[in-house]
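Breakdown of the fold
One letter stands for each residue in the lines below.
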There are 4 protein chains.
Amino acid sequence: MLEKLRKTVWEANVALPKNGLVLWTSGNASGRDPETGLVVIKPSGVLFDQLTSENLVVVDLQGNVVEGELKPSVDTASHLYVYRHRDDVHGMVHTHSPYATSFAIRGEPLRIYTTTSAAVFGGDIPVSDFATIGEEEIGREIVEKIGRNSAILLRSHGVFTLGKDVLTALKVAVILEETAQVVHFALLRGPVDPLPAEVVAAGYRVYHTNYGQKDRS
Amino acid sequence: MLEKLRKTVWEANVALPKNGLVLWTSGNASGRDPETGLVVIKPSGVLFDQLTSENLVVVDLQGNVVEGELKPSVDTASHLYVYRHRDDVHGMVHTHSPYATSFAIRGEPLRIYTTTSAAVFGGDIPVSDFATIGEEEIGREIVEKIGRNSAILLRSHGVFTLGKDVLTALKVAVILEETAQVVHFALLRGPVDPLPAEVVAAGYRVYHTNYGQKDRS
Amino acid sequence: MLEKLRKTVWEANVALPKNGLVLWTSGNASGRDPETGLVVIKPSGVLFDQLTSENLVVVDLQGNVVEGELKPSVDTASHLYVYRHRDDVHGMVHTHSPYATSFAIRGEPLRIYTTTSAAVFGGDIPVSDFATIGEEEIGREIVEKIGRNSAILLRSHGVFTLGKDVLTALKVAVILEETAQVVHFALLRGPVDPLPAEVVAAGYRVYHTNYGQKDRS
Amino acid sequence: MLEKLRKTVWEANVALPKNGLVLWTSGNASGRDPETGLVVIKPSGVLFDQLTSENLVVVDLQGNVVEGELKPSVDTASHLYVYRHRDDVHGMVHTHSPYATSFAIRGEPLRIYTTTSAAVFGGDIPVSDFATIGEEEIGREIVEKIGRNSAILLRSHGVFTLGKDVLTALKVAVILEETAQVVHFALLRGPVDPLPAEVVAAGYRVYHTNYGQKDRS
C-alpha cells in the first residue's frame with residue numbers, strides 16, 4: 001500500500017541524521033497521499049538505521065492505524081491536525097536541529113539576514129507558544145502561528161517544516177538549520193540588522209519563479 | 001562467556017566515536033550481566049576501531065579479571081562501585097563529550113530548557129565534586145550525587161550515564177551531549193529561564209509511559 | 001565535448017558538500033575552457049549526489065546553452081560576467097559556507113590573522129555591496145571589489161572564489177572557510193590584532209614561490 | 001627503504017583529516033628511524049587522499065633527499081631542527097586545527113582545566129613567538145619554548161606536537177584539539193579557574209604509569 005509514498009517518506013527520514021538534523025530516535029518525517037488522504041509516518045522510538053519503507057506506519061487522518069505493526073510517532077496527532085487544516089500541505093518534517101532549537105529555547109523568531117533564507121522562507125520564522133507533546137496541541141500551535149511561512153520554531157522544543165511533499169519539507173528543514181547556524185555565528189560577534197522587508201520579498205519571488213529545473217521543487 | 005552481553009557492550013563502545021562523544025581511546029561503556037553479576041568493560045587505552053567483542057574484559061564486582069587478555073579500563077573500579085551500590089543499573093557509559101564537559105569544567109549543573117531533556121532526564125543534571133581517576137572515588141561521587149537522574153557531570157572531567165542496560169546508558173549519553181550543545185548555543189546569546197519544574201516533571205512522565213514501542217527502551 | 005573540463009568541474013562541485021561548504025543544492029563551481037572560451041557549470045537546483053559530468057551544462061560567454069538538457073545555475077550570468085572581464089580566471093566557486101557567510105552578513109572584511117591565510121590570500125578578503133541574484137549584478141560587484149584577491153564575501157549572501165582553474169578556486173574556498181572559522185573562534189574570546197601588512201605580504205610571496213610540487217597548484 | 005616507518009608515517013598523515021585536524025594539503029606528520037636517523041615526511045602540497053607510503057619523502061637530518069621523487073614539506077627544515085636537538089623525539093605532527101589555532105592567534109597559552117589534559121600534557125601548552133615558514137625558525141622556537149610539554153602553539157599559525165614515535169605525536173595532536181575545543185566552550189560562558197598545579201601533576205603521573213596496555217603508548 002502506498003509504496004511510492006513509503007519510499008519517499010523513508011528517504012526523508014533517513015536524510016534527517018545524514019544532514020545532522022536529528023540524533024538517536026528523535027525527529028520524524030511524514031507524507032500524505034493526495035488521493036486517499038492516508039499518511040505515512042515514522043514509528044515511535046525506532047532508530048533511523050532500523051527504518052525501512054516497510055516498517056513505516058500508515059494512518060488515516062483521524063489517527064487510526066491502517067497498516068503497520070509498530071506504534072506511530074508520538075507526534076502523529078500533531079501531524080494529522082496540520083494535514084486536516086492545510087489542504088496544501090502533503091509533507092512534514094520535525095527535528096530538534098541544534099542551532100534552530102537554540103532560537104526556540106530563547107523564544108526568538110529567526111529573522112532573515114541572508115539571500116538564501118529570504119528566498120526559501122520569505123519572512124521571519126515564527127516561534128510557537130509552549131505546547132505539550134503527545135496530543136494535537138503542537139499541531140494547533142503550528143496551524144495558528146506559521147502563517148504563510150513553511151517553517152516554525154516550537155517554543156523550548158524544536159522545529160516543524162511543511163511542504164507540498166515530504167522532500168520539500170526536508171529541504172526547508174535543512175536550510176532552516178543552516179540559516180540558524182549562520183545567524184547564530186553572526187549575532188555572537190555583535191548586533192546586526194536583518195534584510196529590509198522589500199529585499200526579502202523580492203528574493204522570495206525570484207526563487208519561486210526562476211530557480212531549479214521546471215519539474216523539480 | 002557472556003556472548004550476547006559482549007556484543008551489546010561492543011556496540012555501545014563503537015557507537016561512542018560514531019556519535020561524536022569520544023576521541024582516540026578515551027571514554028568507555030560497560031554492561032552487567034543480571035544473572036552472574038559479571039561486568040563486561042572496555043580494555044584500557046585501546047582504540048575504538050581495534051575493539052572486538054572478544055577483546056573486551058570480563059571482571060567480577062570486586063575487579064578480578066575473569067576473562068580477557070587485556071587490562072580493563074582505568075575507570076573500572078568506579079564502574080564497579082556504582083554497580084555494587086545500584087541494583088537497578090546494568091549499563092554505564094563514560095565520555096568527555098565536549099559540550100557537556102564545558103559545563104563540567106565550569107561546575108555548572110545542566111539545567112532543563114527543552115522538552116527533550118525534560119523527557120529524558122526529568123531534572124537538572126548535577127555536577128560531582130572533583131574526583132581522582134583510577135580508584136573508586138569517581139564511583140562514590142556518582143552514587144552520592146546523581147540522585148534519581150541517569151546522568152552526572154564529573155567536575156573538570158566529563159560525564160557518566162547510567163541505564164537499565166548499556167544501550168539505554170548510551171542513549172542518555174547521546175541526548176546529554178545534544179542537550180548541552182543546544183543549551184550552550186542558547187546561553188551564548190543571553191540569559192534565559194529554564195523550564196518550570198512542573199513542566200519538566202510532566203514531560204518526563206509522558207515520555208516514560210507513551211514513547212517508543214512496548215519492547216524497546 | 002570538453003570531457004576533461006567536465007570531469008574537473010564535476011569533481012569540484014561534489015567536493016563542495018564533502019568539505020562542508022554547501023548544503024542541499026546551493027553553491028556551484030564552474031570552469032572555462034582556455035581554447036574555446038566555453039564554460040561548464042552546475043545545473044540549477046540539482047542535488048550534488050545527482051550530478052554527473054554528463055549533466056553539467058556548457059554555455060558560451062554570452063550565456064547561450066551550447067550543450068546540456070538542464071537549465072544552468074541561476075548564478076550563471078555572474079560567472080560569465082567575471083570570465084569576460086578577467087582573462088586570468090578559468091575557474092570559479094560559489095558557496096554559502098557558514099563561517100565565511102557570518103562575516104558577509106555583518107559586512108565585515110575577513111582580516112588576516114594567520115600565516116595560512118596570509119599565504120593564500122595575501123590581504124584582507126573584501127565584502128561586496130548587496131547584489132541581487134539572477135542577473136550580472138553579483139558578477140559586477142565581484143570584478144569591481146575583489147582587487148588582487150582570489151576571494152570575496154558577497155554581502156548578506158555567501159562567497160565567491162576565483163582561480164586559474166576550478167580546483168584552485170575550490171582550494172581557495174576550502175581555506176577561506178577554515179580561515180573564517182578560526183578567526184571567528186579567536187574573536188569570540190576578545191579583540192586581537194591582525195598580522196602586520198609586511199608579514200602578510202612576505203607570507204604570500206613565500207607560498208607562491210616555494211610551496212607544493214612544480215607541476216601542481 | 002624504511003618500509004615499516006613509511007607505513008606508520010602514512011597512517012599518521014591520513015589520520016589528520018580523518019580526525020578533523022587538517023584541510024586540503026595543510027599539516028604534516030613525520031617520523032625518525034632510530035637506527036639510521038633518517039626521517040620520513042609528507043611531500044609538499046599533496047592532498048592527503050593522494051598520499052601513499054611510497055610517495056612519502058625520506059630525508060637525512062641535514063635535509064638531503066635520500067629517497068623520493070617529490071619535494072618534501074616546506075616545514076621539513078623545522079622538523080629536522082627539532083630532531084637534531086631532541087634525541088627523545090622520533091615523531092612530529094603539525095596541524096592548523098581550528099580550536100587550538102584560535103589560541104595561537106590570540107597568543108594565549110592553553111591552560112589545563114580537565115583531567116584529560118592534565119594527564120596528557122602535565123602543564124600549560126605554551127605559545128611560541130611568531131616565526132616565518134620555510135626555514136628552521138619554527139624549529140628553533142619549538143625547541144626553545146616547548147619545555148617538558150609535548151605540544152606547542154605556533155603564534156598566528158597552528159600547532160606542533162612531539163612524541164617518542166609518530167603515532168604518539170598524533171595522539172597528542174588529537175587530544176590538544178579536543179582540549180582547546182572544550183576550553184573554548186567553557187571560556188565563552190565566562191571566566192573559570194584552571195586546575196591547581198598539584199592536581200595537574202598528579203593526573204600526569206597516574207596517566208603515565210597506569211593507563212593503557214603495557215606494550216602500547
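These remarks concern the structure in this document. (Residues numbered from 1 in each chain as written. Chains lettered and ligands numbered in written order. Predicted model: local features only at pLDDT ≥ 70, side-chain atom pairs only at ≥ 80, totals over all residues. Heavy atoms only, no water.)

1. Structural notes on the packing of aromatic side chains
The test is simple: We call Phe, Tyr and Trp rings a pair once their centres come within 6.5 Å, taking the six-membered ring for Trp, and we label the pair stacked below 30 degrees between planes, edge-to-face above 60, and tilted otherwise. Counting from the N terminus, the helices are the DSSP runs of H or I reaching at least four residues and the strands are the DSSP runs of E reaching at least two. The buried label goes to any residue with under 20% of its type's maximum accessible area, the exposed label to any with over 50%, and the partly exposed label to all in between, with areas taken from a 1.4 Å probe on protein chains only. We count a charge as sitting over a ring when the NZ of a lysine or the CZ of an arginine lies within 6 Å of the ring centre and within 35 degrees of the ring normal.
Counted by the stated rule, this structure contains eight aromatic pairs over all chains. Aromatic side chains A:Y99 and B:F185 sit 4.2 Å apart centroid to centroid with 10 degrees between the ring planes, which places their arrangement in the stacked category. On the criterion of chain membership, the pair formed by A:Y99 in helix α3 (residues 98-106) and B:F185 in helix α6 (residues 166-188) is interchain, its members lying in two chains. Here A:Y99 and B:F185 have matching classes, each one buried. Put simply, the rings of A:Y99, A:F185, B:Y99, B:F185, C:Y99, C:F185, D:Y99 and D:F185 pair up and form one aromatic cluster. Positioned above the aromatic ring of C:F103 is the side chain of A:R189, whose terminal nitrogen or guanidinium carbon lies 3.7 Å from the ring centre.

2. Some remarks on the environment of C:I41
Residues and elements named next belong to chain C. In plain terms, the rule: Here, residues are in contact when the closest pair of their heavy atoms is within 4.5 Å.
Within the secondary structure, I41 is located in strand β2 (residues 39-41). Accessibility expressed as a relative area gives 0% for I41, which makes it buried. With 15 residues separating them in the primary sequence, I41 and L56 have C-alpha atoms 5.8 Å apart. With residues near it in sequence (within four places) discarded, I41 still touches A29, S30, L56, V57, P72, S73, T76 and H79.

3. A short note on the arrangement of the chains
No part of chain B reaches chain C; the closest C-alpha pair between them is 10 Å apart. Nowhere do chain A and chain D come into contact; their C-alpha atoms are at least 10 Å apart.

4. Let's talk about the sheet that holds strand β5 (residues 91-95) of chain A
Residues and elements named next belong to chain A. Selection criterion: Should DSSP find at least two bridges between two strands, the strands are regarded as paired. All axes are obtained by fitting lines to C-alpha atoms, using only the stretch in contact for helices, and the reported angles, taken between N-to-C directions, cover 0 to 180 degrees.
Pairing in this open sheet of seven strands is antiparallel, and the strands run β4-β3-β2-β1-β5-β7-β6 from one edge to the other. Sheet topology places β4 (65-67) and β6 (151-154) at the edges, where each strand pairs with a single neighbour. Between one strand axis and the next, the sheet turns through 25 degrees on average, direction left out of account. Relative to strand β3 (residues 57-59), strand β2 (residues 39-41) is paired through three bridges, and the arrangement is antiparallel.

5. A look at the pairing of β6(A)
Residues and elements named next belong to chain A. Judged by which residues are buried, β6 turns out to be covered on both faces: A151 and L153 on one side and I152 and L154 on the other are all buried. As defined by bridge partners, β6 adjoins strand β7 (residues 158-163) across four bridges and the pair is classed as antiparallel. Its bridge partner lying in β7, L154 is registered against G158. Where β6 folds back onto β7 in an antiparallel hairpin, the turn is made up of three residues, including S156, whose phi is positive at roughly 60 degrees.

6. Concerning helix α1 (residues 3-18) of chain D
All names here are of chain D. Short version of the rule: Helix span, as expected, comes to 1.5 Å for every residue beyond the first.
For α1, spanning 16 residues, the distance from its first C-alpha to its last is 23 Å, which sits close to the expected 22 Å at 1.5 Å a residue. Regarding α1, the residues found buried are L5, R6, V9, A12, N13, A15 and L16. Among the residues trailing α1, G20 stands out with phi positive, at a value near 70 degrees.

7. Concerning the relation of the copies chain C and chain A
To keep it simple, the criterion reads: Least squares is used to superpose the copies, and the fit set is the C-alpha atoms of residues whose pLDDT is at least 70 in both copies.
Between the two copies, chain C and chain A, the superposition gives an RMSD of 0.0 Å; the rotation angle is 90 degrees and the shift along the axis is 0.0 Å. Overall, the copies show the geometry of a four-fold rotation axis. Across chain C, the rotation axis passes nearest the C-alpha of C:L188, at a separation of 5.1 Å. Mapped onto chain A, only 4% of the interface residues of chain C again fall at the interface, so the copies present different surfaces.

8. Details of the interface of chain B and chain A
Many analyses report the size of an interface as the accessible area lost when the parts associate. What counts here: Accessible surface is computed with a 1.4 Å probe, and the buried area is the amount of it that two parts give up when combined, taken over both parts together. A pairing counts as a salt bridge when a side-chain nitrogen of Lys or Arg comes within 4 Å of a carboxyl oxygen of Asp or Glu. In protein, a polar contact requires one atom able to donate a hydrogen and another able to accept it; more generally it is a pair of N or O atoms within 3.5 Å, and residues adjacent in sequence count only if both atoms are side-chain atoms.
In this assembly, 26 residues from chain B lie in contact with 28 residues from chain A. Buried surface at the junction of chain B and chain A, summed over both partners, amounts to about 2,600 Å²; 61% is from carbon and sulfur atoms. At the surface where chain B touches chain A, the tally comes to one salt bridge. The partner of A:E108 in a salt bridge is B:R189, and the shortest N-O contact between them spans 3.4 Å. For the pair chain B and chain A, the interface holds eight residue pairs in polar contact (both at pLDDT 80 or more). Of all elements in the fold, only α4 (115-121), α6 and α7 (197-210) of chain B reach the threshold of two or more residues within the side of chain B that touches chain A.

9. Let's talk about the sheet that holds strand β7 (residues 158-163) of chain C
Residues and elements named next belong to chain C. Read across the sheet, seven strands follow the order β4-β3-β2-β1-β5-β7-β6 without closing on themselves; strand pairing throughout is antiparallel. Where the open sheet ends on each side, the last strands, each with one partner, are β4 (65-67) and β6 (151-154). Each strand axis lies, on average, 25 degrees off the axis of its neighbour in the sheet, ignoring direction. In this sheet, strand β5 (residues 91-95) lies alongside strand β1 (residues 28-32) in antiparallel orientation, the contact comprising four bridges. Of the residues in β5, the one forming a bridge with A29 is V93. The strands touched by helix α3 (residues 98-106) are β6 and β7; relative to β6, the strand with the most contacts, the crossing angle is about 60 degrees. Here helix α5 (residues 137-145) sits on the sheet in contact with β6 and β7, set at roughly 130 degrees to β6.

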